[in-house]
Amino acid sequence: AQTVTQSQPEMSVQEAETVTLSCTYDTSENNYYLFWYKQPPSRQMILVIRQEAYKQQNATENRFSVNFQKAAKSFSLKISDSQLGDTAMYFCAFMRYGQNFVFGPGTRLSVLP
Amino acid sequence: SQTIHQWPATLVQPVGSPLSLECTVEGTSNPNLYWYRQAAGRGLQLLFYSVGIGQISSEVPQNLSASRPQDRQFILSSKKLLLSDSGFYLCAWNRDTEAFFGQGTRLTVV
């Protein structure tokens, strides 16, 4: 069974600084997808970024980028130029094609003014 | 475009009362459907998922049940709520590589 680990329960960063959230996963599959979701205080789940395992190039979305290390089964999220609106819970998730998600326990990020 | 509707947004129910939360999906067919529960400040716990009409898989034995009477409708139910059923419930669907979440229901059992 697949598992997802996020070893940082809470993190904080100063506004405009850069922060990296870590995620590791365990799977014997070769084809899968990895996601980072953001859950602000409204509790709405918002997709931040997605990575296909067969792609070696790291995904980027504006200030958000990932460092995908397939051999190490690591999928970290880097947030550049942190903004107050980035304050949220961040969940790393694993999914095989068409199968259910497996979520990590989450990292609570606080951006400080 | 694909959308997902989940209601109600908030619900306060007495212990021992029944529960019915509904989730409907638009803009797709034959999606995988999910119910998650999230305790305050915690991660997402998968409760049920469904790959088709009438097909329900339960991940955690509990006081809740799920049904999928139509392709794009997923219902979470309980005959008698417990205090421990309080939490935030999220419906989600995925198909292939896309996934979408509902707005969530905050359930308080008093």
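Rules behind the numbers
Residues numbered from 1 in each chain as written. Chains lettered and ligands numbered in written order. Predicted model: local features only at pLDDT ≥ 70, side-chain atom pairs only at ≥ 80, totals over all residues. Heavy atoms only, no water. Helix = DSSP H or I, 4+ residues; strand = E, 2+ residues; numbered from the N terminus. Rg over C-alpha atoms; globule rule 2.2 N^0.38 Å. Buried < 20%, exposed > 50% of the residue type's maximum accessible area, 1.4 Å probe, protein only. Contact = heavy atoms within 4.5 Å. Lys, Arg positive; Asp, Glu negative; His and termini not counted. Charge placed at Lys NZ, Arg CZ, Asp CG, Glu CD. Pairing = 2+ DSSP bridges. Axes fitted to C-alpha atoms, helices over the stretch in contact; angles between N-to-C directions. Disulfide = S-S within 2.5 Å. Buried area = accessible area lost by both parts, 1.4 Å probe. Salt bridge = Lys/Arg side-chain N within 4 Å of Asp/Glu carboxyl O. Polar contact = N/O pair within 3.5 Å; in protein donor to acceptor, adjacent residues only side chain to side chain. Nonpolar A, V, L, I, M, F, W, Y, C, P; charged D, E, K, R; others polar. Core = buried A, V, L, I, M, F, W, Y, C linked by side-chain atoms within 4.5 Å.

Q: In this structure, what is going on with the overall build of chain B? I would like to understand it.
A: If you tally the helices and strands in chain B, you get 0 helices and 11 strands. Relative to the compact-globule value of 13 Å for 110 residues, chain B shows a C-alpha radius of gyration of 13 Å, a close match. Overall size of chain B, expressed as C-alpha extent along the three principal axes, is 40 × 25 × 20 Å. The burial tally for chain B puts 46% of its 110 residues in the buried class. The long-range share in chain B, meaning contacts at least 24 apart out of those at least 6 apart in sequence, stands at 53%. Charge separation in chain B, taken as the distance between the mean sites of 8 positive and 7 negative side-chain charges, equals 9 Å.

Q: Hey, could you run me through the overall build of chain A in this one?
A: Across its full length, chain A carries 0 helices and 12 strands. Along chain A, helices and strands appear, N-terminal first, in the series β-β-β-β-β-β-β-β-β-β-β-β. Taking 113 residues into account, the globule formula puts the C-alpha radius of gyration at 13 Å, and chain A, at 13 Å, falls close to it. Projected onto the principal axes, the alpha-carbon positions of chain A cover approximately 40 × 25 × 20 Å. Here chain A holds 113 residues, and 49% of them are scored as buried. Pairs at least 24 apart in sequence give 54% of the contacts found in chain A among residues at least 6 apart. Distance between charge centres in chain A, computed from 10 positive and 9 negative side chains, equals 7 Å.

Q: Explain the sheet that holds strand S8 (residues 73-78) of chain B to me, please; I cannot follow it from the model alone.
A: Residue and element names in this part refer to chain B. Here 4 strands make up an open sheet; going across it, the order is S1-S3-S8-S7 and the pairing antiparallel. Looking at which strands have only one partner, the edges of the open sheet turn out to be strand S1 (3-7) and strand S7 (65-70). With direction set aside, neighbouring strand axes in the sheet form an average angle of 20°. As paired elements, strand S3 (residues 19-26) and S8 share 6 bridges and run antiparallel to each other. Each residue of the ladder has a partner; that of Leu 21, found in S8, is Leu 76.

Q: Is there a simple way to think about the state of the cysteines in this case?
A: Note: disulfide means a covalent bond formed between the sulfur atoms of two cysteine side chains. Residue and element names in this part refer to chain B. This model, assessed by the stated rule, comprises 2 disulfides over all chains. One disulfide bridge connects Cys 23 with Cys 91, the sulfur atoms lying 1.9 Å from each other. Disulfide Cys 23-Cys 91: the torsion about the S-S bond is -75°, which places it as left-handed. Placement of Cys 23 in strand S3 and of Cys 91 in strand S9 (residues 87-95) is noted, with a sequence separation of 68 residues between them.

Q: I would appreciate a short explanation of the interface of chain A and chain B in the present structure.
A: Interface size is commonly expressed as the accessible area that is lost once the parts come together. With 19 residues of chain A in contact, the opposing surface of chain B contributes 21 residues. A buried area of about 1,700 Å², summed over both sides, lies between chain A and chain B, and 51% of it is on carbon and sulfur atoms. Of all residues in chain A, the largest losses of buried area upon contact with chain B belong to Arg 43, Gln 44 and Asn 100 of chain A, amounting jointly to 32% of the total for that side. Here chain A is connected to chain B by 0 salt bridges. Counting across the interface, chain A meets chain B through 3 residue pairs in polar contact (both at pLDDT 80 or more). When contributions to the side of chain A that touches chain B are tallied by element, the ones reaching two or more residues are strand S5 (33-39), strand S10 (88-95) and strand S11 (101-103) of chain A. Among the elements that make up the side of chain A that touches chain B, the one with the highest residue count is S5 of chain A (4 residues). Here the residues of the side of chain A that touches chain B are counted per class, giving 11 nonpolar, 5 polar and 3 charged.

Q: What am I meant to see in the nonpolar core here?
A: Across soluble globular proteins, nonpolar side chains show a tendency to be buried alongside one another. Membership of the largest hydrophobic core comes to 26 residues, with the highest contact counts inside it found for Tyr 25, Trp 36, Phe 75, Leu 77 and Tyr 90 of chain A. If you tally residues by element for this core, the top one is S10 of chain A, at 4 residues. Apart from the residues within four sequence positions on either side, Leu 77 of chain A is in contact with Val 19, Thr 20, Leu 21, Trp 36, Val 48, Ile 49, Phe 64, Ser 65, Val 66 and Tyr 90 of chain A. Ile 4, Leu 81, Tyr 89 and Cys 91 of chain B belong to the second largest nonpolar core, which has 20 residues in total.

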